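Architecture at a glance
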Amino acid sequence: MLRCVKFSCGAALSCALLFWAWPISVQAGESKPTWEREWDEFIEAAKKDGQVTIYHTRGPFDKLFSEFSKRYPGIKLVSVTGRGGELISRIMGERRAGKHLADMYLGSSGTPLDILYPAKILEPIQPNLILPEVRDQANWFGKQHHYSDPEGKYIFVFEGVVRSDMAYNTTLVDPKEFGSYWDLVKPKWKGKIAAMDPKLPGFPEGFLQFAYYHPDLGAKFLRQLFGEMDISVSRDSRQLVDWLAVGKFAVALAPSASEVQAGMKQGLPLARFEPRAFKEGIYMRATQGSLSILSRLPHPNATRVFVNWLLSREGQTHFQKHFLRIDPVFSLREDVPVDPAVEPYRPKPGDKFVPIYRSEFRELQAAFKVIDEALKR
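Residues numbered from 1 in each chain as written. Predicted model: local features only at pLDDT ≥ 70, side-chain atom pairs only at ≥ 80, totals over all residues. Heavy atoms only, no water.

**Focus on the environment of A286**
Quick reminder of the rule: Working definition: helices are DSSP H or I runs of at least four residues, strands are E runs of at least two. Numbering for both runs from the N terminus. Each residue's exposure class comes from its accessible area (1.4 Å probe, protein chains only) as a fraction of the maximum for that residue type: buried when under 20%, exposed when over 50%, partly exposed otherwise.
Summarising the element assignment, A286 is placed in the loop between β13 (282-285) and β14 (290-294). Classification of A286 as buried rests on a relative accessible area of 6%. The sequence separation of A286 and I91 amounts to 195 residues, and the corresponding C-alpha distance is 21 Å.

Spelled out as structure tokens, the structure:
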């Protein structure tokens, strides 16, 4: 029996308050939603993990990681950066040596799709999603989660990038003359188009993926473009932009976006085609915005905390802010406000668009064969 006798009035009141507050506090703790209790447990377990190790491509990831560290100072974030191919080779080498050092990979969707997924060393994403705002597909573009792998389970895509991969000389081209990709093969532009060699590493394959797999373009379009338009092919991205700037060519396919932008800032007569100008629609890629969780990861709880934070509204807001560069980059979360400069590029309901980050658009050997044969004519 709880005894409060011989207390002063103040003490008796304190005792009574304690008596009533205790069950209320217990009840409040028990009233937490299941996900919130699980989340709290994961955070504590993540602190015991001590760290999360992320292999990622180059870019402003350090700024993004700094935001995470502010939110969860008890979880150390170990960053390993490099080119996508180098990182994947490193992961595979570590695996062959029996080492499991990486928790996750962040970067473009193509590299993990080509190597990590076929090697069967990825964990499914869905079981690692804890926060309701992350799990709720209504918060995402098209009311769904986006994946690049054929099973829709392992390579989560959270970034959208839309561009046309083409530039022009503003003194030679009126962009209003281009309302379709078929306008590129009009006799007027024969001998006036230059392109980067499609087989070069780092070539922005979006244009080829879109053209080859589009039902209104396909092999016929590529064959005519590369076989009948006397296209000049360069292996030097700066040379291609210089050619365009001095008017040697009117249109450039797959020039360096950064070098075109730099030339525009210098006042050179350069511009990039707006993707919405073409009636065939737009295509969307993920240049650095996909995540993959490695199997047998060394820090599972810390990884879950980071993944959920990154895919939360807060995390995606930070990602979009730091990665808004030359290209129109936006989060695929619908509740993350888009920068006004990017808004025109974001796909709208009813738009024709191709998600070229998906596996069914990845294979391009047949397209390369068409181009090779066309260029030999």
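**Things to note about the pairing of strand β9 (residues 193-196)**
Applicable threshold: In short, DSSP must find at least two bridges between two strands for them to pair.
Residues I193 and A195 of β9 are buried on one face, and the alternating residues A194 and M196, pointing to the opposite face, are buried as well. In this sheet, strand β10 (residues 232-234) lies alongside β9 in parallel orientation, the contact comprising three bridges. The residue of β10 that forms the bridge with A195 is V233.

**So, the nonpolar core**
How we decide: The definition of a nonpolar core used throughout is a set of buried Ala, Val, Leu, Ile, Met, Phe, Trp, Tyr and Cys residues joined through side-chain atoms within 4.5 Å. The contact rule is simple, with two residues in contact once any of their heavy atoms fall within 4.5 Å.
One finds Y181, F221, L225 and L253 to be the most contacted residues of the largest nonpolar core, which totals 52 residues. Elements supplying a minimum of two residues to this core: β8 (166-169), β9, α7 (206-213), α8 (218-228), α9 (237-245), β11 (251-253), β12 (270-272) and α13 (365-375). Look past the residues within four positions of Y181 in its chain and what remains in contact with it is M166, F207, F210, L217, F221, F278, E280, G281 and Y283. Judged by nonpolar contacts, the second largest core, of 49 residues, contains L64, V134, Y147 and L297.

**Considering the packing of aromatic side chains**
Quick reminder of the rule: Each Phe, Tyr or Trp ring, with Trp reduced to its six-membered ring, pairs with another whose centre is within 6.5 Å; inter-plane angles below 30 degrees give stacked pairs, above 60 give edge-to-face pairs, and intermediate values give tilted ones.
Going through the model one piece at a time under the given rule, you end up with 26 aromatic pairs. Ring centres of Y147 and F156 lie 5.2 Å apart, and the angle between their planes is 75°; this geometry places the pair in the edge-to-face category. Classification of F156 as buried rests on a relative accessible area of 0%. Connected via pairs of aromatic rings, a cluster forms that spans W39, F61, F65, F68, Y72, F158, F306, W309, F319 and F323.

**Quick notes on the packing of α7 against α8**
Relative placement of two packed helices is described by the angle separating their axes and the distance separating the axes. Selection criterion: Lines fitted to the C-alpha atoms define the axes, with helices restricted to the stretch that makes contact. Angles between their N-to-C directions range from 0 to 180 degrees. Geometric relationships in this document are graded by angle, where less than 35 degrees denotes roughly parallel, more than 145 denotes roughly antiparallel, 65 to 115 denotes roughly perpendicular, and other angles denote oblique. All residues other than Ala, Val, Leu, Ile, Met, Phe, Trp, Tyr, Cys, Pro, Asp, Glu, Lys and Arg, Gly among them, are scored as polar; the first ten of these are nonpolar and the last four charged.
Running from amino to carboxyl end, α7 crosses α8 at an angle of 125°, the nearest separation of the two axes being 6 Å. By the criterion of interaxial angle, the relationship of α7 to α8 is oblique. Along its contact with α7, which presents F207, L208, A211 and Y212, the element α8 presents G218, A219, F221, L222 and L225. For the contact of α7 with α8, the residue count by class is eight nonpolar, one polar and no charged.

**Topic: the pattern of salt bridges**
Keep this limit in mind: For this document, the term salt bridge refers to a Lys or Arg side-chain nitrogen within 4 Å of an Asp or Glu carboxyl oxygen.
Under the counting rule described, the total for this entry stands at 19 salt bridges. Residue D372 pairs with K199 through a salt bridge whose shortest N-O separation is 2.6 Å. Of the two residues, D372 is situated in helix α13 and K199 in the loop between β9 and α7; the sequence distance between them amounts to 173 residues. With a relative accessible area of 26%, D372 lands in the partly exposed category. Linking D351 and R276 is a salt bridge whose minimum nitrogen-to-oxygen distance equals 2.8 Å. In this pair, D351 sits in the loop between β15 (329-331) and β16 (353-355) while R276 sits in the loop between β12 and β13, placing the two residues 75 residues apart along the sequence.

**With respect to the pairing of strand β1 (residues 51-56)**
So the rule is basically this: A crossover gets the label right-handed when its path from the first strand over the helix to the second runs clockwise, viewed with the strands pointing away from the viewer.
The buried fraction of β1 amounts to five of the six residues, a majority that puts the element mostly inside the structure. For β1 and strand β2 (residues 76-81), the ladder comprises six bridges, and the chain directions are parallel. By the bridge assignment, Q51 is partnered in β2 with K76. In this view, the connection linking β1 to its parallel neighbour β2 by way of helix α3 (residues 61-71) has right-handed handedness. Where β1 lies against strand β3 (residues 104-107), three bridges are found, and the strand directions are parallel.

**A word on the sheet that holds β15**
Ordered by their spatial adjacency, four strands build an open sheet running β15-β7-β13-β16, and the pairing between neighbours is mixed. Since the sheet does not close on itself, it has two edges, and those belong to β15 and β16, each with one partner. The average angle at which neighbouring strand axes cross in this sheet is 30°, direction not considered. For strand β7 (residues 159-162) and β13, the ladder comprises two bridges, and the chain directions are antiparallel. Counterpart to V162 in the pairing with β13 is M284. Running at roughly 130° to β13, α7 makes contact with β13 and β16 of the sheet.

**Looking at the confidence of the model for the chain**
Short version of the rule: Known as pLDDT, the predictor's per-residue confidence is scaled from 0 to 100.
Confidence in the prediction of the chain, expressed as mean pLDDT, is 89, and 92% of residues score 70 or more. pLDDT under 50 marks residues 1-29. Its contacts with residues more than four places away, or in other chains, come to six contacts.

**Focus on α3**
For clarity, the threshold we go by: In this context, the arc is that of the directions from the helix axis out to the C-beta atoms.
Residues of α3 that are buried: F61, L64, F65, E67 and F68. Angularly, the buried residues of α3 cover 150° about the axis, an arc narrow enough to put them on a single face. Along α3, the residues that are exposed and aim more than 90 degrees away from the buried face are D62 and K70. Those residues of α3 that are buried are in contact with β1, β2, β3, α11 (300-311) and α12 (313-323).

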